[in-house]
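Take a look at the letters that make up each chain.
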Amino acid sequence: MKFFSSFAHRIAAWRAHRVVHRWSITHYAYTPSKTLPLSAESPCCHLHLYVGLDPCSNLPILAKLCQQMTGLTPCTQTQDLDPHASQIAYVLSYQQQDLKQWRALLQWIQAHPQVKVSVQSVHLHWGRNANALASWPAPLLRYTYAHFSWMRLQHSSGRRLYVQWGRPWPLKLTQNADIIAEVGRLGRFCRWQFHLMRRQLLGAPAPDTARSLSQILTYPPLQADLALHASTPELVQKKLQHYFTEIRAALSWPWIRRFETSLTWLWQTAYQGIEIQGAQDLPSLAASHTLVYVPCHRSHIDYLLLSYVLFHQGLAVPYVAAGVNLNIPLLGPLLRRGGAFFMRRSFRQQGTYPQVFAAYLTSLLARGQPIEFFIEGGRSRNGRLLTPRLGLVSMCVRAALLKPKRPLAFIPVYIGYESVFELPAYLQQLQGLPKRKESLPHLLASVMRLRPPLGQVQVSFGQPLVLDAFLQQQTPEWRAYKGQGIPEDSVPAFWSASLQRLGDELRLGIAAATQAQAIDLLALVWTSFTYTQASQLTPTQLDIVWDDYRGWYPQYAKTSYQDACQASLHPISYTLPDTDLYQRLAYHKNALAPQHLLRAHLWLYLHSQGGQASELATLAALEKLWPHLQAEWPLPPLKLQTLRSTVAACPWINQQAQDYQLLVTDAHQVIGQSLQGLVYATWIRFYLLLIASQNYPKDQQQAQAFALQAARAWAQKIHGPWVDYGDAYLLQQQAQQIQATVAQYGYFSLRGCLQFSGILTRKQRRALRQHVQALLDAHGG
Ligand SMILES: O=P(O)(O)OC[C@H](O)CO
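All of these numbers come straight from a predicted model, not from anything done at the bench.

A. A look at the overall build of the protein. Secondary structure summary: the protein contains 33 helices and 14 strands in total. Out of the 781 residues belonging to the protein, those deemed buried represent 56%. Within the protein, counting contacts between residues at least 6 apart in sequence, those at least 24 apart form 80% of the total. Of the roughly 35,500 Å² of accessible surface on the protein, a fraction of 55% belongs to carbon and sulfur atoms.

Okay, structure coming up:
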């Protein structure tokens, strides 16, 4: 009776699998190219073992997939193995009740030492819900009706079957090997591989609210804080619950599926697709490290974009730190379901909130959950990469030191849009209009603006920064804190400098991952000149400048100016763009500008010296400027080697004095003028700030406010780009850098900094002073 029931069970399950296989939509989470059979010309027999997890449901499907991939019909029984065949595929399941089959197989392998064997784990998973196996119907179906456990796919997983192919592994068995021990060893190996693959694809399962809260309460700084300030346990519980509800994400697989469908429409219809670079090594890194994605922040769309891209790369959807300003009705709950957790914009005077937030972040990282945060804090209004805010970086490092379960790797990510839909709003803010608070009507208006065509999007993953290696490079002392965490009251001496360095490295990592889009290059050509200068450019001059810039980007080596204009979303040609387009283009220019700043300053310096300056004198002159440029742009420390390679890349910049007038042609002059335009705004703001400080020596805030007003008025006067003159943030950075210089050297030398090179000529400085005076007169100051 038992035999018949089991037989009927198997037949029914087999029929059901055929239906399921037709019905399912297979997604290869990672390309199976590495797993193709070994060379068919080899004389010996190759046996490829494909080991699948959760076998009763998936083994027939696994056999089908292997057949599709290798072209071989896989065996499932030892008696079907033929040692004379050149290639054999064999599928088997990783499950306790199949031990007999494993033993038989290994005995066969032992009896045929001439057969070369490779083992490969294949992970099949319905849907991408990390919690699916933890929910009640799954275990029930799994253990009670094992042959029908594929029914789990009806439980919130949909029709998608995700397939991950592990790396093939050679299996060698000696004649005296203990088969039982070998089965155990192979089992452990496969189990470990399945575990890693699950981590890559799904992340860690999320605990329920009660468990999350109890995990949070184990965070030592929070305990210390509560011990100091708590009144009654009920009040504590209430407060914690309140903060936790405000912060926590509620990642939901059904919602991820819905988002994916609508976002696919968005990227394919409103935008013209996404170009992804540098993602190939992420899956293997995700298996061994907890990933922290650190993208640049250009638009609210960034939130959706990166999660979507990672999902499509077969990686777990990250938990995203979002500003609490986005926690508005409708949008907030939706973002939470997509993995967003909310943080207040400032942690000052917020009671226990910062500790609860840090505890939540630590619990995510301790689980090995990938997270994402924007290191710039807010969206860049000027197209530059803003100076890193170190709050979340610090929390991540503290968490990694406190609970070092898995090593942490930061992944810098560059995001570039052909059209940033918030740009008109940014330009208004740069002209002095206040930012509109996020609200439901605002959200709906924004959605209405998401109309095609919005152009292509670039997502480029930079070099991972592994935290342990970074800290080791900084100081060997850090090891003493591994497992202990950084104490709140006695922070070690290396801490703040290392954190600052880490922030800078991540910013540079994002900058290094920058992928130039044609629009960015066209923007460089036009908006490195002021609008008035641009109106006088001839088509030949535009071609000259284009040829110079495109030479720095190999992918555009063969693209002519005309081709780039035609491919562009924006109406750009040889004729002057209208002022509105010019202002928008200036934003794009700033994505690529940092790459040209060194040669721009080299040109200015050497040109002012008539081409006659030694390498060391040039380096010394530029070193004075460099910290001020680093405050505004993502630039690495200045080195003689970088100077040399820049000169080698454009030798015309450094002609010898006697030939100078002859060798610097008209073409070089126009390129030089364009390069000068890239740095001009920085030093004008700088000069205005210095004059303002002289006028308001006792009030830094007022000096900055006045300098901003003067810079905006100057931009209007010369028809310059708003993004370079109108941002209060840029002046604030400059003022801080001047203060830092004073703190370091005890004085600040305007002469040493500005007059060295004629960046601003005497005439220009006079014009600026007059401009400021006119403003002061107008204010009666
Ligand atoms: O650019 P902000 O300051 O509006 O902030 C944008 C952040 O994404 C808020 O979450």
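B. Summary view of the nonpolar core. Within the largest apolar cluster, 179 residues are counted, with the highest numbers of intra-cluster contacts made by Tyr271, Tyr293, Phe341, Phe373, Val397, Phe410 and Phe461. No other element matches the 16 residues that helix α28 (residues 666-695) contributes to this core. Residue contributions to this core reach at least three from each of two domains, namely domain 2 (209-464) and domain 3 (518-675). Setting aside residues up to four positions removed in sequence, Tyr293 forms contacts with Leu282, Leu306, Leu310, Leu315, Pro318, Pro370, Ile371, Glu372, Phe373, Ile411, Val413 and Phe461. By size, the runner-up hydrophobic cluster in this structure holds 29 residues, among which are Cys45, Val183, Cys190 and Phe194.

C. Structural view of the pairing of strand β13 (residues 457-461). Among the 5 residues of β13, 5 are classified as buried, and the element is accordingly described as predominantly covered. The two faces of β13 match: Val457, Val459 and Phe461 on one face and Gln458 and Ser460 on the other face are all buried. Direction of pairing for strand β7 (residues 274-277) relative to β13: parallel, over a ladder of 4 bridges. The partner of Ile274 across the bridge, within β13, is Val457.

D. Representation of the environment of Leu251. Mapped onto the secondary structure, Leu251 falls in the loop between α8 (233-247) and α9 (253-270). On the basis of relative accessible area, Leu251 is assigned to the partly exposed category, the value being 35%. Placed 487 residues apart in sequence, Leu251 and Ile738 show a C-alpha to C-alpha distance of 45 Å. When residues no more than four places from it in sequence are discounted, the contact partners of Leu251 are Ile256, Val317, Tyr319, Arg336, Arg337, Gly338 and Gly339.

E. Geometry of the environment of Leu171. Inspection of the secondary structure puts Leu171 in strand β6 (residues 169-171). For the pair Leu171 and Leu49, spaced 122 residues apart in the sequence, the C-alpha separation amounts to 9.5 Å. When neighbours within four sequence positions are excluded, Leu171 is seen to be in contact with Leu49, Leu106, Ile109, Val117, Ser118, Val119, Arg185 and Leu186.

F. Quick look at the UniProt feature "domain: Phospholipid/glycerol acyltransferase" (unreviewed entry) in the protein. If you check UniProt for "domain: Phospholipid/glycerol acyltransferase" (unreviewed entry), the listed places come out as residues 291-418 in our numbering. Measuring from the first to the last C-alpha atom of residues 291-418 gives 28 Å, for a span that is 36% helix and 20% strand.

G. Focus on a nonpolar patch on the surface. A cluster of nonpolar side chains, contributed by Leu330, Leu440 and Leu444, occupies part of the molecular surface with about 270 Å² of accessible area. With respect to the helices and strands, Leu440 occurs in helix α16 (residues 440-449).

H. Just the site of the ligand, in detail. Lining the immediate environment of the ligand, one finds His297, His300, Tyr303, Gly323, Asn325, Leu326, Arg345, Gly378, Arg379, Arg381, Lys435 and Glu438. Between the ligand and Gly323 there is a distance of 2.8 Å, counted from an oxygen atom to a backbone nitrogen or oxygen. A distance of 2.5 Å is found between an oxygen atom of the ligand and a side-chain nitrogen or oxygen belonging to Lys435. Relative to its free-state accessible area of 300 Å², the ligand is covered by the protein chains to the extent of 93%.

I. Main features of the environment of Leu443. Examined against the element boundaries, Leu443 turns out to sit in helix α16. Ignoring sequence-local partners within four residues, the contact set of Leu443 consists of Ile328 and Leu331.

J. Seen up close, the confidence of the model for the protein. Summary statistics for the protein give a mean pLDDT of 85 and a share of 86% for residues scoring 70 or more. The low-confidence segment residues 31-40, where pLDDT is below 50, has 19 contacts with residues more than four positions distant or belonging to other chains. Interface predicted TM-score (ipTM) for the complex: 0.97; the corresponding pTM is 0.90.

K. Representation of a positive patch on the surface within the structure. Together, Arg762, Lys763, Arg766 and Arg769 make up a region of like positive charge exposed at the surface. Inspection of the secondary structure puts Arg769 in helix α33 (residues 762-778). Of the residues examined, Arg769 reaches a relative accessible area of 42% and is grouped as partly exposed.

L. A look at the packing of α28 against helix α31 (residues 728-745). Two elements in contact, α28 and α31, have axes whose closest approach is 10 Å; the angle formed by their N-to-C orientations is 65°. Put simply, α28 runs roughly perpendicular to α31. When you trace α28 past α31, the crossing you get is right-handed. Note on element contacts: α31 touches α28 through Leu730, Leu731, Gln734, Ala735 and Ile738, opposite Thr682, Arg685, Phe686, Leu689 and Leu690. For the contact of α28 with α31, the residue count by class is 7 nonpolar, 2 polar and 1 charged.

M. Just the packing of helix α14 (residues 391-402) against helix α18 (residues 495-512), in detail. It is the contact of α14 with α18, at a shortest axis distance of 10 Å, that shows an interaxial angle of 115°. Judged by the sense of rotation from one axis to the other, the crossing of α14 with α18 is right-handed. Contact residues: α14 offers Val393, Ser394, Val397, Arg398 and Leu401, while α18 offers Trp495, Leu499 and Leu502. Across the contact of α14 with α18, the residue classes break down as 6 nonpolar, 1 polar and 1 charged.

N. Region of interest: the domain arrangement of the protein. What the domain assignment lists for the protein is domain 1 (24-135 + 142-202), domain 2 (209-464) and domain 3 (518-675). In total, about 1,300 Å² of surface goes out of reach between domain 1 and domain 2, with carbon and sulfur atoms giving 50% of it. Remark: the boundary between domain 1 and domain 2 carries 0 salt bridges. For the pair domain 1 and domain 2, the interface holds 5 residue pairs in polar contact (both at pLDDT 80 or more). Those elements giving two or more residues to the side of domain 1 that touches domain 2 turn out to be β5 (160-165) and α5 (179-202). Ranked by the residues each element gives to the side of domain 1 that touches domain 2, the list is headed by α5, at 5 residues. Residues that form the side of domain 1 that touches domain 2 fall into these classes: 6 nonpolar, 6 polar and 3 charged.

O. A look at helix α7 (residues 220-229). Turning to α7, its buried residues are Pro221, Leu222, Asp225 and Leu226. Angular distribution of buried residues about the axis of α7 spans 135°; they occupy a single face of the element. Those residues of α7 that are exposed and angled more than 90 degrees off the buried face are Ala227 and Leu228.

P. Seen up close, the packing of aromatic side chains. Using the criterion set out here, one finds 22 aromatic pairs in the structure. A centroid spacing of 5.0 Å and a plane angle of 70° characterise the contact between Tyr531 and Tyr582, whose relative ring orientation is edge-to-face. You can see Tyr531 sitting in helix α20 (residues 531-535) and its partner Tyr582 sitting in helix α23 (residues 579-592), a full 51 residues away along the chain. Residues Tyr531 and Tyr582 agree in their burial class; the two are buried. Both rings, one in Tyr696 and one in Phe706, keep their centres 5.7 Å apart while their planes meet at 55°; by these two values the pair is tilted. Separated by 10 residues along the polypeptide, Tyr696 in the loop between α28 and α29 (700-718) and Phe706 in helix α29 bring together distant segments of the chain. Overall, the relative accessible area of 21% leaves Tyr696 in the partly exposed class. A relative accessible area of 5% places Phe706 in the buried class. Members of the aromatic cluster, each reached through a chain of ring pairs, are Tyr243, Phe244, Phe341, Phe347, Tyr353, Phe357 and Tyr360. In this arrangement the basic side chain of Arg258 is found over the ring face of Trp255, its NZ or CZ atom lying 4.8 Å from the centre.

Q. Structural context of the side chain of Gln193. In this fold, Gln193 is placed in helix α5. Gln193 sits in the buried class, given a relative accessible area of 15%. Among the polar contacts listed, one links the side chain of Gln193 to the side chain of Ser121, at a separation of 3.2 Å. Residues contacting Gln193, with those up to four places away along its chain left out, are Ser121, Gly166 and Arg167.

Parameters at a glance
Residues numbered from 1 in each chain as written. Predicted model: local features only at pLDDT ≥ 70, side-chain atom pairs only at ≥ 80, totals over all residues. Heavy atoms only, no water. Helix = DSSP H or I, 4+ residues; strand = E, 2+ residues; numbered from the N terminus. Buried < 20%, exposed > 50% of the residue type's maximum accessible area, 1.4 Å probe, protein only. Contact = heavy atoms within 4.5 Å. Areas by Shrake-Rupley, 256 points an atom, 1.4 Å probe, with all protein chains shown as cover. Core = buried A, V, L, I, M, F, W, Y, C linked by side-chain atoms within 4.5 Å. Domains from an automatic or database assignment. Pairing = 2+ DSSP bridges. UniProt positions renumbered as here; feature names shortened; annotations may be inferred. Patch = residues over 30% accessible without salt bridge, like charges linked within 9 Å, V, L, I, M, F, W, Y side chains within 5 Å. Salt bridge = Lys/Arg side-chain N within 4 Å of Asp/Glu carboxyl O. Near = heavy atom within 4 Å. Polar contact = N/O pair within 3.5 Å; in protein donor to acceptor, adjacent residues only side chain to side chain. pLDDT = per-residue confidence, 0-100. Lys, Arg positive; Asp, Glu negative; His and termini not counted. Charge placed at Lys NZ, Arg CZ, Asp CG, Glu CD. Axes fitted to C-alpha atoms, helices over the stretch in contact; angles between N-to-C directions. Parallel < 35°, antiparallel > 145°, perpendicular 65-115°, else oblique. Left-handed = near helix turned anticlockwise from the far one by under 90°. Nonpolar A, V, L, I, M, F, W, Y, C, P; charged D, E, K, R; others polar. Buried area = accessible area lost by both parts, 1.4 Å probe. Arc of directions from axis to C-beta. Phe/Tyr/Trp six-rings, centres within 6.5 Å; stacked < 30°, edge-to-face > 60°. Lys NZ or Arg CZ within 6 Å of the ring centre and 35° of its normal.

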